[in-house]
Every structure is written in structure tokens, then in C-alpha cells.
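So you can see what is in the structure, the chains are spelled out below.
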Amino acid sequence: MTTRFGELDDREVPPALCGLIGGFLYWEPGALAGIERIGGYLAGTADPLPGRDAPERVGAGQWTGFIGRTGAIALRAAAPSTRPERRERLLALLEMWADSVFVDPTVRMRTGTVREPQRGAVRDERGATILVCHLRGGIRVLEARTGDAEPPGLGPLEEVEELPRAGWGNARQIRDLVALVRARGPMPWDPEAVVRLAADTGMSRGAAALALAGTPGTDMFRKPFLDAEERRLLGLKAAEAETARVESGRLEAEGWLDLLADVLPADPADLWAPDAPRHLAARIATAWHARNGLRAPIPETSRALIAAQKPKLPAAELCEALAHSAADPLLAEDLDTWPESPPDSGIHLVDATGFGEAPRRMQNLLEDLAALVPTVYAELPAGDPIREGLPTLVRNVRARLDHPGLLLSCCHLYHGATIDDLRAWFGPHPYDGPEPLTVPAFDDGLTVAVEAAPPSYYGRHRHHPRLFFRPAVLGDDARAQRLDDTRGYGGAALLTSVRRLRGDHFTRIVARVESGALPVGAYEANPAASVPDVVERAAKALGLAPDPAALYLQLLALEAPTDRGVRTWNAWTPTRHRKAVATLVDAGLAVADKRARAGRGVFLPGPWAPADRPYRPMETWKAAFLGVTVLRHSGEVHGRVVLDRTLPELFADAWASVERGEGPQ
């Protein structure tokens, strides 16, 4: 069968489709012709190549997701930001698709899994079934049915999915769009349409621009994600584009194909009308609402706060998880994980996909959230979508941690633990998981202890025994004590994070946010808003006005009451702030000074505890109040603040110390 593609290098087709096609994808040259041959076989108009019983597979079979959902590809092909070399390949794909069985409304198609097919394809007058890719535990097939009767199959079909046959993307629409792009060039662009889409959906402006251009997700094939010309056309700076890439990448390729499948106008020529971008934005917003509901936009200041904490995962990704946890698959759905010991590699966790991405992301996510929740609660105003999302987030995280099938990595054992040691600590019952291990492993119900895998790469890399734990059964029993007491290991931060996420402090944070006691726009770190009664008591006892009384409570209780932070939390001008400082200094309740890494010019009286990064310097009295370690020999702070109280409780406790005569001197 001859093809129309000539010398077109379709190795570049996957980059052109990136974000709209999932998984690791590598297409050999001739992939477009390969899809065309598959379509011909299903339609009964083409035979396999000589010596084969079926058309050759193309990539990993993800292209079947385009069936009934070519609208997203057409949008990207028409968008002004699409690189010319990528646009040409998208148009070639669409031209082939328009002439294929994949747009024939009389042919029903579905995919499914077959366990042990004996051949690669089969067909008769009822239709055809063809193998498209190998999966863990089965083979994915594509079935085409030309009538009501069951077509011939390759075995019992499991995990069946009917593919859409209606909506935008019939042969005429695809051909018209391709012809229009070739004749007129890309469709017009309107920055105002981006602004409207962001406001209507809660996406960031950058993510809305990517959606409007049909360019979501991660480009794994080329850096940067968008080149300078693409960013100019979309009106994005480099940092904004990267943030948008991560944000839009949270919706997987299948989700974007669904979202954008039917947003193009019935007549493709309407895309070139002056107001077309705004109409397109409205249709994308409608599809977004149907899928996700209306989301409040995340302020850029809130995104900056998350980024400033230097989390393990990208800040944009964490903002979405914090604000919209129900839309994050790892927070909304249970995850089953287990250890695997592949040849020439150390022990690591996998899930049903066979890769370690989900377990690794889950572990990073848990550590980040354990650190970020108190910061978000304390330093973002009431009404901020990230802060308002905390109750749902904490509940979702706890539900996932309660799933018995979730196994998390605790640590490596570095002290040369032997098999006998592991058996003595965590045995004698062997671990019995979904995948057989090549090394001994012991399971006490909470901890799975796995012996070190043999050295890999001809002995150049030494492995260590690994400990994994089930958060669903983590408590305070003997097994937990045994896990805590195992000496000589590192990397146990996740264990601490899981306990924090389940702890009473987070429960009280959730209750405080849900109470609605804090006025919208107010900050919990402002005692005048969060504990006005305590401010009133302090002002009366000290003979102060409300402003200096509030500032005094902040100096007492907050780890880092920087000048910038105080003015933000209290909505004070610099003049108002200076007046409150002067009042405290005149009353002998504070001293004016300049101190390294303090970020402020006013301090409690008494000794000062300096600190090197990553720790924060503070008054020695405050360090004791907050439970932070100060080294005896140097007087330096050596530890992080780990709060166990909400800020209203902290302000009240700090003032109670002063009332008892135990305040700073």
C-alpha cells in the first residue's frame, strides 16, 4: 500500500503531540503510514505486509486515544503558537485520519485487554480485532465492528472501553480545517480570551493560554517547553510558561483529549472570525466546568509563598494539589504499591503501571504537604483557595494513608544489617507480595524489611537493605516502636511526615479553617483578627493601644515576625508599623536593633540566638517557648519550629506566660 507521506520525518510526530498522548512514546519512521495500514486492515481495504499476520504496531498504542477525539489535535494544528515543523506533522496526521475508518460513523470501535492472543490480528465480514500494545498482565487490542454481530476476536475481552463516535471531527470538518490552515495560516489570537478563560475556570493565565492553544502538559522531547517565539505569541514569560506547564500537566493526556474534543466550532471557518478566540474560550470553559466545576483562581502571591518553601515537587503542582486535591489522582484514589527487585538494580517500589513514578511522587507529596499545611494555614488569608482547600486535602490524604495496599519507603539500613538481623527485628514471617523478590524479605505487618540486592553494574554500585512500612497500620504498638528503634538508618523523614499529617495539630488546623471564624481577607498571623480578645486583654494590662499590643503578641509567638510579614498580615502602612514599634520600645517591651537574617528592626528584650541556614534566628526566650533547640556551647538555634498549636492557641499561650511573670526580661 503506497502512502502519502513521502520524505516527512515522522519521528517528530510525538513531540508535536506531546501533552495529548501519554506514556513514554517512541515512533519509528513510517509511523503515520503504519496507522494508515492499521486503519486499512480494520476497514478490510489493506492486507498486512508480506510475511506478517497483522499490521505492525505503532509506538505503544497510545494513538488509539485519538479515535473520536481529534478536536484537540486540530486545535493545536490551527493555533498560532504551534511551531511550523510540528504544525506540518499534525496536518499530515489529520489528513490521513480524515480518509480512515477511524472517522466512519457506521463502524463501532472499542478497546480491551486480552490475556494470551495466539496471533496479532483477525478479521471477517463482521469486523476486525488487532493487537496494539503489550501491557502488564495482558495485551491491549482495538476492535472494529461493522454491524450488530460480534466481530472475530483474539480471546476473551476484559477491561472493555467503548470509543466515542460522535462530536467534532468528521471527515469533512477535518479536511476543511486542514485546508483552511494551509490557505490562511493559523487562527487569530486574542490575549483577552486568555484572561476570560482564566477567570471562568480558575486556571492561571499561563495554563489558560496553553489550553486555548491546545498545548498542555509536559514536553519530554525538547527543552525549553516553549521557545522564545512561542512564549511571545502566547504572551508568557519563561517562568510563567514553566509554571503553566506543570499546572496543565496535572490533567493527563486522556483528560485533555476529552476536554478539548468538542470545543471547535462546527464550521472550522468560524475559527478565523475576529471574535473566534473568545467564543473558543467560552466553549473550553463550559467543558472545564462539566469536568471540574468552577475553581477560584490561585493568586500569584500564594504561588510565590509555596515556591519560597523550596518543596521537592514543583510549586505549581503543589498549588493545584493543595487547592484542588479531589482532582489529583494520588489524593483522590487509593494507590497500591509493592517492592520490586529488577535485575542489576536496587529494591524500589512500583504500582500497577510497572513504573515507580506514582510511588515516588506520593512520597514527595506527603513530605511536602506535611511541611506546607501549617505554612499555608498561617501565612495565607482566609478565602484564599489554597488555604480553603486544606480541610478537603487533609481528609483526602488521611483516606489514602488508611488504604491497606499502600506501602511507603521508610529508609535504607546503612550499618551492614544481615539477613539474620532483619529476621530478628522484623521476622520470621516472609513477605508475600504481588511480585516475587529475588532477595529475602520479612514482614511483621507494619514493616517490610528487604535484604540488600546484589551489587549492580558489575559490583560498582553497592545496595543496602531497605525498610518499607504500611501507613494504614502505623500506630504506637510494639511494631512501630521496633521500627523507630532500628538504628543506623537514614531517610526516615517520610515516617515523621505521615505522623504529622495524621496528628492532632492538623486536625485543629482543619477545624479552625472550617470554623469561618477568621474574616475573609484576614490573616491568622494577625492577632487583632484571630484573637481580638487576647489583644484587648494585653492592651489593657500593658496600657497600650491595640496596634502595639498586637505587634507585641506577634513578637512573642511568631517564629519570624519580619517587617514585611507584619505589614502584610496586619494591613499596615510603614508609618503605622513604625508608630507601633516606637510605642513598644518606649514602654521597654522591645528593643530596636539590627541583627543578621532577622528581617526586622524590633526584638524582644533578652538574649538572642543566631542561626545558620536553614534554621531561623530568634530570641532565646522565644526558642524555648516554641520548643526549638538552642546549642549550649554556641547559643545558636539548631532545629526547625514544629508547631503543635494553632496560632490563636499560640498567641493565647504566649500572653498567658507574660501574665504569669514568665515573659521575656
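Use the structure listed above.
Values in this document were obtained by computation on a predicted structure and should not be read as measured data.

(A) Quick peek at the packing of aromatic side chains. Within the structure shown, the criterion is met by seven aromatic pairs. On the numbers, 5.1 Å between centres and 80 degrees between planes, the contact of Phe-603 with Trp-608 is edge-to-face. These aromatic residues form a ring-pair network of at least three members: Trp-63, Phe-66, Trp-97 and Phe-102. Across the ring face of Tyr-41, the terminal group of Arg-123 is positioned such that the distance to the ring centre comes to 4.4 Å. Over the ring of Phe-603 we find Arg-595, and its NZ or CZ is 4.2 Å from the ring centre.

(B) Here's a closer look at the environment of Ile-130. Within the fold, Ile-130 resides in strand β3 (residues 127-135). We classify Ile-130 as buried; its relative accessible area is 1%. Linking Ile-130 and Ala-54, residues 76 residues apart in sequence, is a C-alpha distance of 7.3 Å. The contacts of Ile-130, once residues within four sequence positions are left out, are Ile-38, Leu-42, Pro-55, Gly-120, Ala-121, Arg-140, Val-141, Leu-142 and Leu-154.

(C) Up close: the nonpolar core. Of all hydrophobic cores here, the largest spans 98 residues; its most connected members are Ile-306, Leu-322, Leu-366, Ile-386, Leu-390, Leu-408 and Phe-469. Sorting elements by how many residues they give to this core places helix α15 (residues 357-379) first, with eleven residues. Setting aside its immediate chain neighbours within four residues, Leu-366 contacts Val-397, Leu-401, Leu-408, Leu-494, Ser-497, Val-498 and Leu-501. One finds Ile-35, Ala-98, Ala-208 and Leu-260 within the second-largest nonpolar core, a separate group that totals 84 residues.

(D) Highlighting the packing of helix α13 (residues 315-323) against α15. Axis separation between α13 and α15 bottoms out at 11 Å; the angle between their running directions is 70 degrees. Between α13 and α15, the interaxial angle falls into the category roughly perpendicular. Residues Glu-317, Leu-318, Ala-321 and Leu-322 of α13 touch α15, and the partners they reach there are Arg-361, Leu-365, Asp-368, Leu-369, Leu-372 and Val-376.

(E) Representation of the pattern of salt bridges within the structure. Using the criterion set out here, one finds 48 salt bridges in the structure. A salt bridge links Asp-334 to Arg-400, with the nearest nitrogen and oxygen atoms 2.8 Å apart. Here Asp-334 is found in the loop between α14 (329-332) and β6 (338-340), whereas its partner Arg-400 is found in helix α17 (residues 390-401), with 66 residues between them in sequence. Taking relative accessible area as the criterion, Arg-400 reaches 12% and is therefore assigned buried. Taken together, the salt bridges that share partners define one network made up of Arg-110, Glu-143, Arg-145 and Glu-150.

(F) α13, seen in detail. Most of α13 is tucked away, with nine of its nine residues classed as buried. If you check which residues of α13 are buried, you get Ala-315, Ala-316, Glu-317, Leu-318, Cys-319, Glu-320, Ala-321, Leu-322 and Ala-323. The secondary structure elements touched by the buried residues of α13 are α9 (238-249), α12 (300-308), α14, α15, α16 (385-388) and α17.

(G) View of the sheet that holds strand β5 (residues 158-162). Read across the open sheet, the five strands follow the order β2-β3-β4-β1-β5; overall the sheet is antiparallel. Two strands close off the open sheet at either side, each with one partner strand: β2 (121-124) and β5. The sheet shows a mean angle of 20 degrees between the axes of neighbouring strands, direction not considered. Direction of pairing for strand β1 (residues 108-114) relative to strand β4 (residues 138-145): antiparallel, over a ladder of seven bridges. In the strand pairing of β4, Val-114 is matched with Ile-139.

(H) Examining the pairing of β1 more closely. Extensive coverage of β1 is indicated by the burial of six of its seven residues. Here three bridges tie β1 to β5, and the two strands are oriented antiparallel to one another. In the strand pairing of β5, Arg-110 is matched with Glu-162.

(I) Main features of a positive patch on the surface. On the surface, a cluster of positive charge is made up of Lys-310, Arg-597, Arg-613 and Arg-616. Here Lys-310 falls in the exposed class, since its relative accessible area comes to 72%.

(J) Layout of the packing of α15 against α17. For the pair α15 and α17, the least separation of the axes is 12 Å and the interaxial angle reads 150 degrees. Of the possible angle classes, the one that applies to α15 and α17 is roughly antiparallel. Between α15 and α17 lies a crossing of left-handed hand. Listed contacts from α17 to Met-362, Leu-366, Leu-369, Val-373, Val-376 and Tyr-377 of α15 are Leu-390, Leu-393, Val-397, Arg-400 and Leu-401. Of the residues assigned to the contact of α15 with α17, the class counts are ten nonpolar, no polar and one charged.

(K) Region of the structure containing the side chain of Lys-622. The topology assignment puts Lys-622 in helix α27 (residues 620-626). Exposure remark for Lys-622: the relative accessible area of 0% places this residue in the buried category. In this structure the side chain of Lys-622 is engaged in a polar contact, spanning 2.9 Å, whose partner is the backbone oxygen of Leu-555. Contacts of Lys-622, omitting those with residues within four sequence positions, involve Gln-554, Leu-555, Leu-556, Leu-558, Glu-559, Pro-561 and Arg-600.

Reading the values: the criteria
- Residues numbered from 1 in each chain as written.
- Predicted model: local features only at pLDDT ≥ 70, side-chain atom pairs only at ≥ 80, totals over all residues.
- Heavy atoms only, no water.
- Phe/Tyr/Trp six-rings, centres within 6.5 Å; stacked < 30°, edge-to-face > 60°.
- Lys NZ or Arg CZ within 6 Å of the ring centre and 35° of its normal.
- Helix = DSSP H or I, 4+ residues; strand = E, 2+ residues; numbered from the N terminus.
- Buried < 20%, exposed > 50% of the residue type's maximum accessible area, 1.4 Å probe, protein only.
- Contact = heavy atoms within 4.5 Å.
- Core = buried A, V, L, I, M, F, W, Y, C linked by side-chain atoms within 4.5 Å.
- Axes fitted to C-alpha atoms, helices over the stretch in contact; angles between N-to-C directions.
- Parallel < 35°, antiparallel > 145°, perpendicular 65-115°, else oblique.
- Salt bridge = Lys/Arg side-chain N within 4 Å of Asp/Glu carboxyl O.
- Pairing = 2+ DSSP bridges.
- Patch = residues over 30% accessible without salt bridge, like charges linked within 9 Å, V, L, I, M, F, W, Y side chains within 5 Å.
- Areas by Shrake-Rupley, 256 points an atom, 1.4 Å probe, with all protein chains shown as cover.
- Lys, Arg positive; Asp, Glu negative; His and termini not counted.
- Charge placed at Lys NZ, Arg CZ, Asp CG, Glu CD.
- Left-handed = near helix turned anticlockwise from the far one by under 90°.
- Nonpolar A, V, L, I, M, F, W, Y, C, P; charged D, E, K, R; others polar.
- Polar contact = N/O pair within 3.5 Å; in protein donor to acceptor, adjacent residues only side chain to side chain.

In short, shape yes, function no, at least from these values alone.
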